[in-house]
Amino acid sequence: MDGTNRRTFLKTTGAAATVSLAGCAGLGGGGDEMTIVAGTAPGFPPFEMKEGGELVGFDVDLLEAVVAETDYTLETWSEFEFSSLIPALTSDKIDVIAAAMTINDERDQTIDFSNPYYSADQSVLVREGGDFSPSELSDLSGHKVGAQEGTTGADQVKKLIEDGTMEESNFNTYGSYVLAVEDLQNGNIDAVVLDKPVAETFAADRPVNVAFVVTTNENYGFGIRTDDDDLQQALNSGLSTVKENGTYEDLVNKWFGAQN
Ligand code: GLN
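Residues numbered from 1 in each chain as written. Predicted model: local features only at pLDDT ≥ 70, side-chain atom pairs only at ≥ 80, totals over all residues. Heavy atoms only, no water.

J.: How should the sheet that holds strand 5 (residues 96–97) be read in this particular structure?
T.: What holds strands together in a sheet is hydrogen bonding between their backbones, with the strands either parallel or antiparallel. Spatial ordering of the open sheet is given by 4-1-5-12-6, a layout of 5 strands whose pairing is mixed. A single partner strand is all that each edge strand has here, and the edge strands are strand 4 (73–79) and strand 6 (112–113). As defined by bridge partners, strand 1 (residues 35–40) adjoins strand 4 across 6 bridges and the pair is classed as parallel. The partner of Gly39 across the bridge, within strand 4, is Ser78. Across the sheet, helix 3 (residues 58–68) is in contact with strand 1, strand 4 and strand 5; its angle to strand 4 comes to roughly 155°. (Pairing = 2+ DSSP bridges. Helix = DSSP H or I, 4+ residues; strand = E, 2+ residues; numbered from the N terminus. Contact = heavy atoms within 4.5 Å. Axes fitted to C-alpha atoms, helices over the stretch in contact; angles between N-to-C directions.)

Structure below.
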């Protein structure tokens, strides 16, 4: 929507401009209250990763395309460990999270989400050519398993610990899945639990294999503060625009084309 439409929108919905602007971090001191800062956690290919020092990935392209359809301007990207993204959002360091973040009840108590933009299951990675070939979660019993801290993959391992299938001392957590997969390659752990599209990307580039899939039907959403209704609405309408105009499909082909 252009500036005129936005003003009309604000008028017709009765929202006061001051209220809609209050939620923006406005970092950088540009004085443009419609400026937003995005946060992500690289090391989760192909959603977000560093290439030649540059932040790239599906989430990066998608959020930029979505914001371009709104009255907001994306000022910059800030990088965090995944588990620090929600605290960064609630403390106004960033205004939106684009990090393949699964929409779930626990997170929904602290933040809000855009409409879903991607669906994924969990999966288990093992070393290629190794003698450990689990086919279900209970096979992880007695083995060292890794996951990135604060993820739904880590939640899967915690459930196994809670129900007595796995020992807590066999669970290693990492600040990034890249470190977890390196530990897997080095033989320090035997399996990594992580989102299937990311596991497949690691498997294409490194000597690791997807042993099996855990159907979880997760949906990723952009995270926003609970009081940022205008940004939430703008992102949702931008998201439907990029789905309708073919941009979304182009980005899926660009980042997942080689696998599908
Ligand atoms: N989708 C998973 C989650 O939300 C993993 C996200 C990530 O590691 N970037 O927990």
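J.: Is there a simple way to think about the packing of aromatic side chains in this case?
T.: Note on aromatic pairs: each is described by the distance of the centres and the angle between the planes. Summed over all chains, the structure comprises 13 aromatic pairs. On the basis of an interplanar angle of 35° and a centroid distance of 6.1 Å, the ring pair of Phe44 and Phe47 is categorised as tilted. Ring geometry for Tyr118 versus Phe256: centroids 4.9 Å apart, planes at 20°, classification stacked. Here the residue Tyr118 occupies a position in strand 7 (residues 118–127), and Phe256 occupies one in helix 10 (residues 247–256), the gap between them amounting to 138 residues. The burial state of Tyr118 is the same as that of Phe256; both residues are buried. Ring pairing ties together the aromatic residues Phe44, Phe47, Phe58, Tyr117, Tyr118, Tyr177, Tyr220, Phe222, Tyr248 and Phe256, which thus form one cluster. Directly above the aromatic system of Tyr248 lies the positively charged group of Lys243, at a separation of 5.3 Å from the ring centroid. (Phe/Tyr/Trp six-rings, centres within 6.5 Å; stacked < 30°, edge-to-face > 60°. Buried < 20%, exposed > 50% of the residue type's maximum accessible area, 1.4 Å probe, protein only. Lys NZ or Arg CZ within 6 Å of the ring centre and 35° of its normal.)

J.: Quick question: what am I supposed to make of the pattern of salt bridges here?
T.: For the structure shown, the criterion picks out 7 salt bridges. For Glu79, the salt bridge goes to Lys50, with nearest N and O atoms at 3.0 Å. Placement of the pair is Glu79 in strand 4 and Lys50 in strand 2 (residues 49–51), with a sequence separation of 29 residues. We classify Glu79 as partly exposed; its relative accessible area is 40%. What makes Lys50 partly exposed here is its relative accessible area of 40%. In this structure, the salt-bridge partner of Asp95 is Arg225, at a minimum N-O distance of 2.8 Å. Of this pair, Asp95 sits in the loop between helix 4 (85–90) and strand 5 while Arg225 is found in the loop between strand 12 (223–224) and helix 9 (229–244), placing the two residues 130 residues apart along the sequence. (Salt bridge = Lys/Arg side-chain N within 4 Å of Asp/Glu carboxyl O.)

J.: Can you walk me through empty space enclosed by the protein in this structure?
T.: Space left empty within the atom packing is revealed by a probe, the size of a water molecule, rolled over the atoms. Throughout the structure, instances matching the rule amount to 1 cavity of 30 Å³ or more. Considering only enclosed or pocket space, the largest cavity measures out at about 100 Å³ in volume. Tallied by class, the residues present in the lining of the largest cavity amount to 6 nonpolar, 5 polar and 3 charged. (1 Å grid on protein atoms, 1.4 Å probe; cavity = no way out; pocket = protein on both sides within 12 Å on 5 of 7 lines; lining within 4 Å. Points joined across faces, edges and corners; volume = space filled by probe spheres on them. Nonpolar A, V, L, I, M, F, W, Y, C, P; charged D, E, K, R; others polar.)

J.: Looking at this structure, I do not really get helix 8 (residues 196–205). What am I missing?
T.: Side chains that are three or four residues apart share a direction in an α-helix, a result of its 3.6 residues per turn. Restricting attention to buried positions, one finds in helix 8 the residues Pro197, Val198, Ala199, Thr201 and Phe202. Each element contacted by the buried residues of helix 8 is listed here: strand 7, helix 7 (177–185), strand 10 (191–195), strand 11 (208–220) and helix 10.

J.: Got a minute to help me understand the site of the ligand in this structure?
T.: Lining the immediate environment of the ligand, one finds Phe44, Phe82, Ala99, Ala100, Met101, Thr102, Arg107, Gln148, Thr151, Thr152, Asp195 and Tyr220. Across the complex, the protein chains shield 100% of the 290 Å² of accessible surface that the ligand would expose by itself. Judged by the proximity of its atoms to the pocket grid, the ligand belongs to the largest cavity. For the shell around the ligand, the class distribution of residues is 6 nonpolar, 4 polar and 2 charged. (Near = heavy atom within 4 Å. Areas by Shrake-Rupley, 256 points an atom, 1.4 Å probe, with all protein chains shown as cover. Sits in = over half its atoms within 2 Å of the grid points.)

J.: Where do I start with helix 9 in this structure?
T.: Counted at 1.5 Å a residue, the expected span for helix 9 with its 16 residues is 22 Å, and the 23 Å between its end C-alpha atoms agrees. Listed as buried for helix 9 are Asp230, Leu231, Gln232, Ala234, Leu235, Asn236, Gly238, Leu239 and Val242. Gly246 occupies a position one or two residues after helix 9 and carries a positive phi of about 90°. (Expected span 1.5 Å × (residues − 1).)

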